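Next come the chains, spelled out residue by residue.
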Amino acid sequence: MNPYPRLHKVAAIALLLIMSLSQKARAQALSGTYTINNTQLTGGNNFHSFTDFTTALSTNGISGPVTANVTPGIPYTERLILGNISGSSTLNTIRINGNGAKVQFNNTNTQRELLVIGGTRYLTIDSLHFMTLSDTFGNAARIFNNAAYDTISHCYFEMKNNAVIGQGDGIIIEDAQYCYITNNTIDGPDSGGGMIFGIVLGNKNHIVRKNIIRDFYSAGVFLGGDSVIIENNDIHRLGRSINANFYGIRVNNPKYAIIRNNIIHDPFNRTGTFTQDFRGIWGEKSDTTAYLYIYNNLITNVLGNSSAIYSGPVVGINFSPNSANNVAIYHNTIDLKNYLSGASGISIFQAVNFISKNNVVRNGSSTGNSRGFVYNYYNTALQTRSNNYYGGNYGACSDPGTSAPNPVSYSTKASFDAMLPLVEINSSNYDPQFNNANTGDYRPTNPLLFQTGESLNGLVNTDINGNPRPANPTRGAYEWVSASQPNNGALNAITTRSTLRCAGNYALRVALQNTGTNNIDSIRFNWQINGVNQPAILFPTNMIAANASGVHTDTMVIPSVAINGTTQIKVWIDKVNGQTDIDHTNDTMQVSLSTAAFALNSVQDTLCIGKAAVMKLSPAAGYNSYNNIQWQSSADNISWTDVPGTQATYLAAPVNTQSWYRVKLTTENAICYSNTRQFTLLNPAISGVSNDTLCGSGTASLQVQTNTGTMVNWYTSPAATSPLFTGNP
């Protein structure tokens, strides 16, 4: 008989209570602010890894807003995988502030994505640097499984190692809705295959805004969903020398979508023959229940920085050989001038309810198949009006009654209008006289185009830069904004004093100009480093109005900006004199500042004792007064002494002992060193001669004893200058 039955019963209840409380603690939903820091263990409010954090989210869910602040430094070698998180809502959101931290992973065939969002809702991923370590597989991100209301912003997806065709893409959105992809850089490899598409859009209700999509294999954006907005993106392949088709935006039969304010340019950087296609915006649309709107886009520089020649078609906006039903093309600027072998601005195959108004096309060739537009089937329902086509043939269109695609080219507007007076009504063929196409200023200065576009009744209210459109707009993507406006500040340059840089901190110098009608006493700036927003700057100044005598320029200095490798700097004006700067054509500038790889080379590696060593520093040119070059030598490769020499080419004094050399570079406040260079010293000497005596006439075989590496020249007399023989038989 147990003398303490009640005591045992109480103990058992207490044990059960403790176990229950322990399980509840482990399952407590997350709420509040946490850290992800891989230098500390998981515990308290810190998680050692993204995996620990996402496991807690998936296991416990959330009961309030959750924010995770990531500590950058040591890369996180893992994937970021999120699933369906219970408790998330419009109020209970999840946000990961990456602060520039790097997430890297060696992707495999079954683990292709760096970022996985599978069913997650109300999630924001901000300012993370994702990098694939695999040279074969890799997708930047995948959003699927009914995920919704998710945002990826200010992230850098570095997919440059993946060079195999067909084994990766950038950001892939599958069965998801209401995704917001903004201010990211998606960067493919410089050569080889890599990501087929920069962004793939499935399902519906997504916004892709202000991204840099570069160095993809095929298309920058693949539009396969509905109710999608693609706007203000920079799409190019300037870093690649690949010979592959270029499609800036590939349209795959949506119902309703908007493509606006994008800049599509530079399909490659190569020389020679380019045997593929260039199509700035290309695809098909067969649905007739809703419209696809394409407006305020700039398509330019189809040759990149090269002299390549295409053997495939070059088209700005192309819906051929597919349908272009319910497609409205407004206010696009298509500049094909630097391609001289024939190109087309706008080309469609067959269409119902097709509209093209207020576009500007500039071609570069006046011969061959260069055409402003190509309409393969004549259709009286074509609404093509108030466009401007300059250079090359005016356009091409099938004749009325033609059943097959048989477009006839017309070299002049007059010949076209005489044959097809109901197509391209009020269109023109004026030189747009772009303000400065070399610097990206595509405002047409030809007064014949100024406010001569057709009113679109509120469909396109602003231009590509956000400037308001008047009732009678200017044709093309850019509305002309006169410089004679108040509060009009301009950015002219972003530089450092030194032209070649070591890794380190530099003072950024932002050149300013008053281009408006009133004095400027203050300018408020926003700026970014590698896509990450920095604190705004209020800069006091005293710049006199542009139309008055006095100082119209100033320089703002941002004192300490870290530059290591390639660093993207973007600066834009927010306010002038506390007011909005209404001219957005000159108030934004983005530059790429890089550090240099300083290398020391020599003409020869082996010297005779007493001879001078000739060394050269690479780069050999480009230095200025803010680049200090100091040559140094060492007897042990440990302790270094400055030696005379401040130029990139250095002729050393005669070398008599074993020595090492290097260059110390000071670029403003940053210091770095070249590689070291050591010379092998030889001390040639003849230690003996054999067979030097001959009795009578005959042939003598002479030999000498030398040290290793010595070449002997034989002469017939001490005064001879031409060797009889070289070598030592």
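The paragraphs below set out a description of the structure included in this document. (Residues numbered from 1 in each chain as written. Predicted model: local features only at pLDDT ≥ 70, side-chain atom pairs only at ≥ 80, totals over all residues. Heavy atoms only, no water.)

1. Considerations on the overall build of the protein
The condition is simple: Numbering of helices and strands runs from the N terminus; a helix is a DSSP stretch of H or I covering at least four residues, while a strand is a stretch of E covering at least two. Relative accessibility thresholds used throughout: buried, under 20% of the residue-type maximum; exposed, over 50%; partly exposed, between the two (1.4 Å probe, protein chains only). Any two residues having at least one pair of non-hydrogen atoms within 4.5 Å are treated as being in contact. Note on areas: these come from Shrake-Rupley sampling with a 1.4 Å probe, and a residue is covered only by the protein chains present in the view.
Along its length, the protein carries three helices and 67 strands. Counting all 729 residues of the protein, 48% fall into the buried class. Across the protein, contacts joining residues at least 24 apart in sequence account for 70% of those joining residues at least 6 apart. As presented, the protein carries roughly 32,100 Å² of accessible surface, and 51% of it is formed by carbon and sulfur atoms.

2. Brief notes about the nonpolar core
Note the threshold: As used in this record, nonpolar core signifies buried Ala, Val, Leu, Ile, Met, Phe, Trp, Tyr and Cys residues forming a set joined through side-chain atoms within 4.5 Å.
Ranked by internal contacts, the top residues of the largest apolar core, which has 89 residues, are Leu115, Ile125, Leu128, Phe130, Phe157 and Phe354. Here phenylalanine 157 is in contact with Leu115, Phe130, Ala140, Ala141, Ile152, Ile171, Asn184, Thr185, Ile186 and Asp187, once residues within four sequence places are set aside.

3. What to know about the packing of aromatic side chains
In plain terms, the rule: Aromatic pairing here means that ring centres of Phe, Tyr or Trp (its six-membered ring) are within 6.5 Å. Orientation follows from the plane angle: under 30 degrees is stacked, over 60 is edge-to-face, and everything else is tilted.
Within this structure, the stated rule accounts for 23 aromatic pairs. A ring pair is formed by phenylalanine 50 and tyrosine 76, whose centres lie 5.1 Å apart and whose planes are at 70 degrees; its orientation type is edge-to-face. Residue phenylalanine 50 is located in helix 2 (residues 50-60), and its partner tyrosine 76 is located in strand 4 (residues 76-77); the two are separated by 26 residues in the primary sequence. Comparing phenylalanine 50 with tyrosine 76 shows no difference in burial state: the two are buried. Between phenylalanine 246 and phenylalanine 278, the aromatic rings sit 5.2 Å apart at their centres with planes inclined by 5 degrees, giving stacked as the arrangement. Of this pair, phenylalanine 246 sits in strand 25 (residues 246-252) while phenylalanine 278 sits in strand 29 (residues 278-284), and the two are 32 residues apart along the sequence. Across the pair, exposure class does not vary: phenylalanine 246 and phenylalanine 278 are buried alike.

4. Concerning the environment of alanine 351
Secondary-structure assignment places alanine 351 in the loop between strand 36 (344-350) and strand 37 (355-357). Taking the C-alpha atoms as reference, alanine 351 lies 9.2 Å from tyrosine 375; in sequence the two are 24 residues apart.

5. Re the state of the cysteines
In a disulfide, the sulfur atoms of two cysteines are covalently bonded to one another. The criterion, for reference: Two cysteine sulfur atoms make up a disulfide if the distance between them is within 2.5 Å.
Applying the stated rule across the entire model yields one disulfide. Here cysteine 502 is linked by a disulfide to cysteine 672, with a sulfur-sulfur distance of 2.0 Å. Around the S-S axis, the bridge from cysteine 502 to cysteine 672 shows a dihedral of about -60 degrees and counts as left-handed. One end of the pair, cysteine 502, is in the loop between strand 46 (489-495) and strand 47 (504-514); the other, cysteine 672, is in strand 61 (residues 670-673), with 170 residues separating them in the sequence. Residue cysteine 502 is classed as buried on the basis of its relative accessible area, which comes to 1%.

6. What about the pattern of salt bridges?
Note the following rule: Any carboxyl oxygen of Asp or Glu within 4 Å of a side-chain nitrogen of Lys or Arg constitutes a salt bridge here.
Enumeration over the complete set of coordinates arrives at 18 salt bridges. The partner of aspartate 190 in a salt bridge is lysine 160, with the nearest N and O atoms 2.9 Å apart. Separated by 30 residues along the polypeptide, aspartate 190 in the loop between strand 18 (185-187) and strand 19 (197-201) and lysine 160 in the loop between strand 14 (156-158) and strand 15 (171-173) bring together distant segments of the chain. With relative accessibility at 40%, the residue aspartate 190 sits in the partly exposed group. The partly exposed category is assigned to lysine 160, whose relative accessible area is 26%. The partner of aspartate 215 in a salt bridge is arginine 214, and the shortest N-O contact between them spans 3.0 Å. The buried category is assigned to aspartate 215, whose relative accessible area is 0%.

7. Details of the pairing of strand 11 (residues 139-144)
Note the threshold: The criterion for strand pairing is that DSSP finds at least two bridges linking the strands in question.
Within strand 11, five of the six residues are buried, which leaves it mostly tucked inside the rest of the structure. Relative to strand 11, strand 8 (residues 113-118) is paired through five bridges, and the arrangement is parallel. Each bridged residue has a counterpart across the sheet, and for valine 116 the counterpart in strand 11 is arginine 142. Inspection of the sheet shows strand 11 paired to strand 15 by three bridges, in the parallel sense. Within strand 15, the residue paired with arginine 142 across the bridge is isoleucine 172.

8. Looking at the pairing of strand 48 (residues 520-529)
Extensive coverage of strand 48 is indicated by the burial of eight of its ten residues. Across eight bridges, the pairing between strand 48 and strand 49 (residues 532-543) is antiparallel. Each bridged residue has a counterpart across the sheet, and for isoleucine 529 the counterpart in strand 49 is valine 532.

9. Some remarks on helix 2
For an α-helix the count is 3.6 residues per turn, leaving residues at separations of three or four pointing the same way. Here is the rule: This arc corresponds to the set of directions leading from the helix axis out to the C-beta atoms.
Within helix 2, the full set of buried residues consists of Phe50, Phe53, Thr54, Ala56, Leu57 and Asn60. Seen end-on, helix 2 carries its buried residues on one side only, within an arc spanning 155 degrees. Two residues or fewer after helix 2 comes glycine 61, characterised by a positive phi angle close to 70 degrees.

10. Section: the sheet that holds strand 35 (residues 333-336)
Strands sit in the order 4-7-10-14-18-21-24-27-31-35-38-41 across an open sheet of twelve strands; the sheet is parallel. Every interior strand has two partners, whereas the edge strands, strand 4 and strand 41 (388-390), have only one. Where strand 7 (residues 102-105) meets strand 10 (residues 129-132), four bridges bridge the pair, whose relative direction is parallel. Looking at the pairing, lysine 102 lines up with histidine 129 of strand 10.

That is the geometry; function is a separate question.
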